[in-house]
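Close look at the chain arrangement
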Amino acid sequence: MVRDDLYITVPSFFRCPISLDVMKSPVSLCTGVTYDRTSIQRWLDNGNNTCPATMQVLQSKELVPNRTLQRLIRIWSDSVQNHCSHRVDSATNSVPSQDEIKCIVKDIETKKEPDHCCFDALSKILCFAEESLENREFLAKMAGFVPMLVDLLADNKSIDFIEQVISVLDLIVITIEDYKQLMTLPLKNKHVDFLSSILLVFQRGRRVHSRIGSVRILELIAMDAESNLSIAEKDELLSELVKSIGPENDPTLIDASLSCLIAISKAKRVKVKLVHLKTIPELKNILTAEPNTGISNLITKKALKLLETVSSCKEGRVEMCNDTACIEAVVQKVFKVSAEATEHAVTILWSMCYLFRDGKAREAVTNSNGLTKILLLMQSNCSPAVRQMAGDLLKIFRVNSKSCLSSYDTKTTHIMPF
């Protein structure tokens, strides 16, 4: 005889701490606590920035799929189904099969799905994609699937619909490096059509992960000068990208936005636009942000790289010299982040002080103890390029390197410049 209570005998760690139901798509926050994706996303979309279970402030709102727990739930569910007549509402029961996905995609392609059903169809595709890497590879390889999504994105439907499309595209973009090329061509061919949809996500989207996905898609199509200019010429979109690097934003969004801005800022007129959009003050805010804000070394390195780019135009140099605190912030990051970040910082200082001989910049470097760091650079195991720039900076400051370095005991090996 089958006991009726078998259905409700559920291990406690299979239940979502919010809904108390068995998790269909378990995801973990940066605090280590796992929730069902639907429940925690609703919590975050309502403007909360804490972990519901611990009430810790979230340094990142990234949701990481808990594959191990998902497999355990699947095994437990299968075991229950094999020993009793009751079925448990687990993740495996709600995920469509590959054959079902083929039918769903075909219905969308042949317009058999009316507009009001398309959203539900995309929800099923998204559920399928979230389930496993194998499923995402299946979607990426499906003939015509990515072009179909791009066409849907270009249709400029409701914001909820656009966010669904972007979520599916983003899952493929960020997890399947080998298949990015499959997306590049259809995205590039249609980019003018769907830039308005991307802008709509920035302006009216309610989910931070949709904004992150939008930025990643923009970076993916920024493969040549024509595409870069198409993005940059949409002033509202460029403005939203700059706003997204503000330190108050989600760190994952800041990181993605910096990467995108670096990718599209090669042309001089784009650099000038970025200066006019007050990108430099935002970058200074990143460099001077407190450690508890979630600004990582990777974000700092990218901020320095973008600052190096915009400071290569006259408008950028003028802006920096009008706010010498930015130059002082650059000096403070020498040795503090990574070898790459140090090279970006030194290049900025070399460009401002040696190449263009700006008096305000030299004064700012002197006031922030920059000469000491330059001398330490000369003693460190830096790259030849950095060593050359450091030597040039010493010359422009009219420092006799031998006499200055003689004040340091070169036989002392325990003094590190970090």
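Residues numbered from 1 in each chain as written. Predicted model: local features only at pLDDT ≥ 70, side-chain atom pairs only at ≥ 80, totals over all residues. Heavy atoms only, no water.

Per an unreviewed UniProt entry, the protein chain is named U-box domain-containing protein, and its organism is Manihot esculenta. As recorded by UniProt, the Function (unreviewed entry) comment attached to the protein chain reads in full: "Functions as an E3 ubiquitin ligase." Listed in UniProt under the heading Catalytic activity (unreviewed entry), the comment for the protein chain reads: "S-ubiquitinyl-[E2 ubiquitin-conjugating enzyme]-L-cysteine + [acceptor protein]-L-lysine = [E2 ubiquitin-conjugating enzyme]-L-cysteine + N(6)-ubiquitinyl-[acceptor protein]-L-lysine." (UniProt positions renumbered as here; feature names shortened; annotations may be inferred.)

Structural notes on the overall build of the protein chain
Across its full length, the protein chain holds 23 helices and three strands. For the protein chain, the residues scored as buried account for 49% of the 418 residues in total. In the protein chain, the proportion of contacts linking residues at least 24 apart, taken out of those at least 6 apart, comes to 67%. On the protein chain, roughly 20500 Å² of surface is accessible, and the fraction owed to carbon and sulfur atoms is 51%. (Helix = DSSP H or I, 4+ residues; strand = E, 2+ residues; numbered from the N terminus. Buried < 20%, exposed > 50% of the residue type's maximum accessible area, 1.4 Å probe, protein only. Contact = heavy atoms within 4.5 Å. Areas by Shrake-Rupley, 256 points an atom, 1.4 Å probe, with all protein chains shown as cover.)

Quick notes on a nonpolar patch on the surface
Side chains of Phe13, Leu72 and Ile75 sit close together on the surface and give an oily, nonpolar patch of about 310 Å² of accessible area. For isoleucine 75, the position within the fold is in helix H2 (residues 67-83). Using a relative accessible area of 57% as the deciding quantity, one classes isoleucine 75 as exposed. (Patch = residues over 30% accessible without salt bridge, like charges linked within 9 Å, V, L, I, M, F, W, Y side chains within 5 Å. Salt bridge = Lys/Arg side-chain N within 4 Å of Asp/Glu carboxyl O.)

Observations concerning the packing of aromatic side chains
For the structure shown, the criterion picks out three aromatic pairs. Ring geometry for phenylalanine 13 versus phenylalanine 14: centroids 4.8 Å apart, planes at 75°, classification edge-to-face. Classification of phenylalanine 13 as exposed rests on a relative accessible area of 51%. Here the aromatic rings of tryptophan 350 and tyrosine 354 are separated by 5.7 Å at their centres, their planes lie at 25°, and the arrangement is stacked. Residue tryptophan 350 and its partner tyrosine 354 are both found in helix H19 (residues 339-355); the two are separated by four residues, about one turn of the helix. One cation-aromatic arrangement involves arginine 357 over tyrosine 354; the distance from NZ or CZ to the ring centre is 5.0 Å. (Phe/Tyr/Trp six-rings, centres within 6.5 Å; stacked < 30°, edge-to-face > 60°. Lys NZ or Arg CZ within 6 Å of the ring centre and 35° of its normal.)

A word on helix H16 (residues 297-310)
An ideal rise of 1.5 Å per residue puts 20 Å on 14 residues; H16 measures up with 20 Å between its terminal C-alpha atoms. Those residues of H16 not exposed but buried are Ile299, Thr300, Lys301, Lys302, Ala303, Leu304, Leu306, Leu307, Thr309 and Val310. Against the buried residues of H16 lie helix H13 (251-264), helix H14 (268-276), helix H15 (279-287), helix H17 (314-322), helix H18 (324-332) and H19. (Expected span 1.5 Å × (residues − 1).)

Things to note about the side chain of arginine 211
Secondary-structure assignment places arginine 211 in helix H10 (residues 208-221). Side chain to side chain, arginine 211 and serine 244 meet in a polar contact 3.2 Å long. For arginine 211, the residues in contact, after removing those within four places along its chain, are Val201, Phe202, Glu240, Ser244 and Leu253. (Polar contact = N/O pair within 3.5 Å; in protein donor to acceptor, adjacent residues only side chain to side chain.)

Points about the packing of H14 against H16
As a packed pair, H14 and H16 sit with axes 9 Å apart at the nearest point and diverge in direction by 110°. Regarding the angle of H14 to H16, the classification is roughly perpendicular. Mapping the contact onto sequence places Lys271, Leu274 and Val275 in H14 and Leu306, Thr309 and Val310 in H16. Tallied by class, residues from the contact of H14 with H16 come to four nonpolar, one polar and one charged. (Axes fitted to C-alpha atoms, helices over the stretch in contact; angles between N-to-C directions. Parallel < 35°, antiparallel > 145°, perpendicular 65-115°, else oblique. Nonpolar A, V, L, I, M, F, W, Y, C, P; charged D, E, K, R; others polar.)

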